[in-house]
There are 2 protein chains.
Amino acid sequence: MTKNIQITIPELPSGKLTESHFKLIEGEIPSPQKNQVLLKNIMLSIDAANRAWMQGATYRQAIEPGDVMHGYGICSVVDPNGSHFKKGDFVFAEIGWQTYGVISATEITACPDHKPLSHLLSVLGIAGKTAHHGLVQIGKIKEGETLLVSGAAGSVGNLVGQIGKLKGAKVIGIAGGQEKCDWLVNEVGFDACLDYKAGKLGKAIAQTCDKGVDVYFDNVGGNILQSALFNMNQRGRIVCCGAVSLYDGQSLAGPVGIPGLIVVKRLKMEGFIVFDFPEKDVEAENEIKTWIERGELKIYEDIITGLSEAPKALVGLLNGENRGKRMVEVT
Amino acid sequence: MTKNIQITIPELPSGKLTESHFKLIEGEIPSPQKNQVLLKNIMLSIDAANRAWMQGATYRQAIEPGDVMHGYGICSVVDPNGSHFKKGDFVFAEIGWQTYGVISATEITACPDHKPLSHLLSVLGIAGKTAHHGLVQIGKIKEGETLLVSGAAGSVGNLVGQIGKLKGAKVIGIAGGQEKCDWLVNEVGFDACLDYKAGKLGKAIAQTCDKGVDVYFDNVGGNILQSALFNMNQRGRIVCCGAVSLYDGQSLAGPVGIPGLIVVKRLKMEGFIVFDFPEKDVEAENEIKTWIERGELKIYEDIITGLSEAPKALVGLLNGENRGKRMVEVT
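Residues numbered from 1 in each chain as written. Chains lettered and ligands numbered in written order. Predicted model: local features only at pLDDT ≥ 70, side-chain atom pairs only at ≥ 80, totals over all residues.

Summing up its helical and strand segments, chain A has 10 helices and 15 strands in all. A globule of 331 residues ought to have a C-alpha radius of gyration of about 20 Å, and chain A, at 20 Å, matches this closely. With the principal axes as the frame, chain A shows a C-alpha extent of 60 × 45 × 35 Å. Across the 331 residues of chain A, 51% fall into the buried class. (Helix = DSSP H or I, 4+ residues; strand = E, 2+ residues; numbered from the N terminus. Rg over C-alpha atoms; globule rule 2.2 N^0.38 Å. Buried ≥ 20, exposed ≤ 12 C-beta atoms within 10 Å, placed from the backbone.)

The next subject is the relation of the copies chain A and chain B. The operation relating chain A to chain B is a screw motion whose rotation component is 180°, with 0.0 Å of axial translation and a residual RMSD of 0.0 Å. What we have between these two chains is a two-fold relation. When the interface residues of chain A are mapped onto chain B, 100% of them again fall at the interface, so both copies present the same face. (Least-squares fit on C-alpha atoms with pLDDT ≥ 70 in both. Contact = placed C-beta atoms within 7 Å.)

Our next topic: the nonpolar core. Counting residues in each nonpolar core, the largest one holds 200 residues, and the members touching the most others are A:L148 and B:L148. Apart from residues no more than four positions distant in its own chain, B:L148 is found in contact with B:I172, B:I174, B:I205, B:C209, B:V213, B:Y216 and B:A228. (Core = buried A, V, L, I, M, F, W, Y, C linked by C-beta atoms within 7 Å.)

Time to look at the confidence of the model for chain A. The share of residues in chain A with pLDDT of 70 or more is 98%, and the mean pLDDT across the chain is 95. If you check the scores for this complex, the pTM reads 0.92 and the ipTM reads 0.90. (pLDDT = per-residue confidence, 0-100.)

Geometrically, a packed helix pair is captured by the angle between its two axes and the distance between the axes. Residue and element names in this part refer to chain B. Interaxial distance between helix α2 (residues 126-138) and helix α3 (residues 155-166) falls to 8 Å at its minimum, and their mutual angle equals 50°. Accordingly, the angle class assigned to the pair α2 and α3 is oblique. Pair α2 / α3 crosses with right-handed handedness. Only S155, V156, L159, V160, I163 and G164 of α3 make contact with α2, whose side of the interface consists of A127, G128, T130, A131, H132, G134 and L135. (Axes fitted to C-alpha atoms, helices over the stretch in contact; angles between N-to-C directions. Parallel < 35°, antiparallel > 145°, perpendicular 65-115°, else oblique. Left-handed = near helix turned anticlockwise from the far one by under 90°.)

Pairing is mixed across the open sheet formed by 12 strands, whose spatial order is β10(A)-β9(A)-β8(A)-β11(A)-β12(A)-β13(A)-β13(B)-β12(B)-β11(B)-β8(B)-β9(B)-β10(B). Whereas interior strands pair on both sides, the edge strands pair on one side only; in this sheet they are β10 (192-195) of chain A together with β10 (192-195) of chain B. Shown here is a sheet whose adjacent strand axes are inclined to one another by a mean of 15°, direction ignored. Contacting β9 (170-175) and β10 of chain A, helix α4 (residues 178-188) of chain A runs over the sheet at an angle of about 170° to β10(A). Contacts between helix α6 (residues 222-229) of chain A and the sheet are confined to β8 (146-150), β9, β11 (213-218) and β12 (232-240) of chain A, with β11(A) contributing the most and set at about 170° to the helix. (Pairing = 2+ DSSP bridges.)

Right, let's talk about the interface of chain A and chain B for a bit. Contacts between the two partners involve 32 residues from chain A, matched on the other side by 32 residues from chain B. Taken together, the elements giving at least two residues each to the side of chain A that touches chain B come down to α8 (260-264) and β13 (268-271) of chain A. Classifying every residue of the side of chain A that touches chain B gives 19 nonpolar, 7 polar and 6 charged. Note that β13(A) and strand β13 (residues 268-271) of chain B share 3 bridges and pair antiparallel. Residue pairing in the sheet places A:K268 in a bridge with B:E270 of β13(B). (Nonpolar A, V, L, I, M, F, W, Y, C, P; charged D, E, K, R; others polar.)

Time to look at unusual backbone geometry. All names here are of chain A. In this chain, I258 is followed by P259 through a cis amide linkage whose omega measures 5°. One can find P259 in the loop between α7 (244-247) and α8. Although it is not a glycine, R235 adopts a positive phi angle of roughly 60°. Following the sequence through the fold, R235 ends up in strand β12.

Let us now look at the domain arrangement of chain A. Residue and element names in this part refer to chain A. Entries for chain A in the domain assignment read domain 1 (3-120 + 300-329) and domain 2 (126-276). Taking only C-alpha atoms into account, the centre of domain 1 sits 28 Å from that of domain 2. Every contact between the two is made by 20 residues of domain 1 and, on the other side, 15 residues of domain 2. Looking at the side of domain 1 that touches domain 2, the elements that each hand over two or more residues are α1 (49-52) and β15 (325-329). Here the side of domain 1 that touches domain 2 is composed, by residue class, of 8 nonpolar, 7 polar and 5 charged. (Domains from an automatic or database assignment.)

Residues and elements named next belong to chain B. Here V220 shows up in the loop between β11 (213-218) and α6 (222-229). What makes V220 buried here is the crowd of 27 C-beta atoms within 10 Å. Residues V220 and P278, spaced 58 residues apart in sequence, show a C-alpha to C-alpha distance of 24 Å. Here V220 is in contact with S150, G151, L225, G242, A243, V244 and S245, once residues within four sequence places are set aside.

On to the pairing of strand β5 (residues 90-93) of chain A. Residues and elements named next belong to chain A. Across 4 bridges, strand β4 (residues 73-79) lies against β5 in antiparallel orientation. The residue bridging C75 from the neighbouring strand is V91, located in β5. Where β5 meets strand β7 (residues 109-110), 2 bridges bridge the pair, whose relative direction is antiparallel. Residue V91 lies in a different strand from β7, and its bridge partner there is A110.

All names here are of chain B. Where α2 contacts helix α9 (residues 281-293), the two axes come as close as 10 Å, and the packing angle between them is 105°. Considering their axes alone, α2 and α9 lie roughly perpendicular with respect to each other. Note on element contacts: α9 touches α2 through D281, A284, E287 and I288, opposite G128, K129, H132 and H133. Considered class by class, the residues forming the contact of α2 with α9 number 2 nonpolar, 3 polar and 3 charged.

This paragraph deals with helix α2 (residues 126-138) of chain A. Residue and element names in this part refer to chain A. In terms of residue burial, α2 counts as a mostly covered element, since 11 of its 13 residues are buried. By the burial criterion, the buried members of α2 are I126, A127, G128, K129, T130, A131, H132, H133, G134, L135 and I138. The positive-phi residue at the C-terminal boundary of α2 is K140, with phi of around 50°.

Residue and element names in this part refer to chain A. Here T208 lies in helix α5 (residues 201-208). Since 19 C-beta atoms lie within 10 Å of it, T208 is described here as partly exposed. In this structure, the C-alpha to C-alpha distance between T208 and P255, residues 47 residues apart in sequence, is 21 Å. In this view, T208 contacts I172, A192 and L194; residues no more than four positions away in its chain are not counted.

All names here are of chain B. With respect to the element layout, D214 can be found in strand β11. You can call D214 buried: it has 23 C-beta atoms within 10 Å. Apart from residues lying up to four places away in sequence, D214 is in contact with E145, T146, L147, N233 and G236.

In structure tokens:
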């Protein structure tokens, strides 16, 4: 316990985020004030949403220039400071990109007893519950339907596809590059995967989804959403989970065909975030645990070591280099 | 019973529809073939959707160049031709823009016993049920919520607003021109109405809907949808009923903010047409009838006389000149 390493973002990006937007600084380890707990950072979740937080208020406060970069992860309690936590407890907290942080005890949640801890950020954490809630509560996927999922190699996308298969759907992924597509089909078990970088995505969707698309799980927005939209079946559901194609400084133009196709095809487009279904969390977790125990659900984690690697990890994720859930282990 | 007057559309419009796209011709009154019934046209429904049918297949077949203009309305049976209908029965049919037509007996529906007949195309017909189903089944409007409706002076829009008031919502309309807005507030009973032609619609919505928008009933799409989108409350519902701004040869560009705002605000956008809720038709009709009997729901009809006026009636409707449900009485 020596210094607090922090990564700040002195100026917010107006275009594409790069590593040079971040700054590593060293400071003193903070002392908890009344009702605060001192935490040590263990494992940070790296998500496309981190970039969206730089664009203004979303479902949470925006990142301001000069802030320690915001981030959510698993921490251990260093100084409970009179709270009901014990030294060494593992907890979830919005600690940010720093080795130590002080956070109000009311904003900390105890981790369930599970090893490895990383699963609590991946398949049993936000990624797994996002995939499950989105597909079941919003998409209402049914056996025999066709599920199309973009960002398919990502933390949520690969689980959406796997859960879709377990629910009896035909699962088609969309990912960037043939290599990722091959991985999704050969390793992860998708029925097919389309490389959006190869062009003519709309046509490829039409050919591959020969009975049309019943549920489109959208992680990306933009042109890919538009291509999906034109291939939706009557009464199809579009699960709006993210818009990663729009986070990193690109234009915010909306998809052609809205609302015309929404009316004509009687489509439902619905947005959600993982915290919208607290009453369904246990059900989702139990189903996911059962699949893992039976060996039916594969866990893909992409853990990068060292807090100083966090900027590179996020920039790389926005460029689509990860497979599965990206995290940074804070050493 | 002499000649059959027909209005055809020799060439489909590539841009704005004008009266010169139509052609009035005279022909013989057709003879019903086996299983067909000979009908005389009484009252045609004139709808923005008529224009959408020229753009390709929608929820029904497209209009082809040279067709007698497609149209739905109330007819009387001239020759039942052995079917279960009787001469003089009033029926609903897709007779098209002609004085006489032969239609398969299976594609004809008997009118309920109601006078005036026009109500069966307005408040007790497609317009009324579209407004009711959209607002109740899709929008799920609740007392105390704020309802925004575009195309507010139109056949569906004025009823959406009135039903919204009866359901306890604060109702804000959007219409073209101050005169229509004044009519909607002073006569129809809207709480407020915004003139989209006055510009800065987004700001006007924000100021008028001071608690945000819970349900937006969209009849128009385009820029107005976009302005509404940015003013939606968390978990708001966008009822996609039509896209009249996009029917008449304008660009199909989609609204900025989709899907970003859909995710962040957890919005639901859902399309429907009136025939999607057959199991709710009686419930909707009964509620509407009760309101009419109590004098709580005003009926606005805009009946134009003469089949030859139909082209002008439709072009005018697309230019927003109607108040309430436009029909053509076929003399």
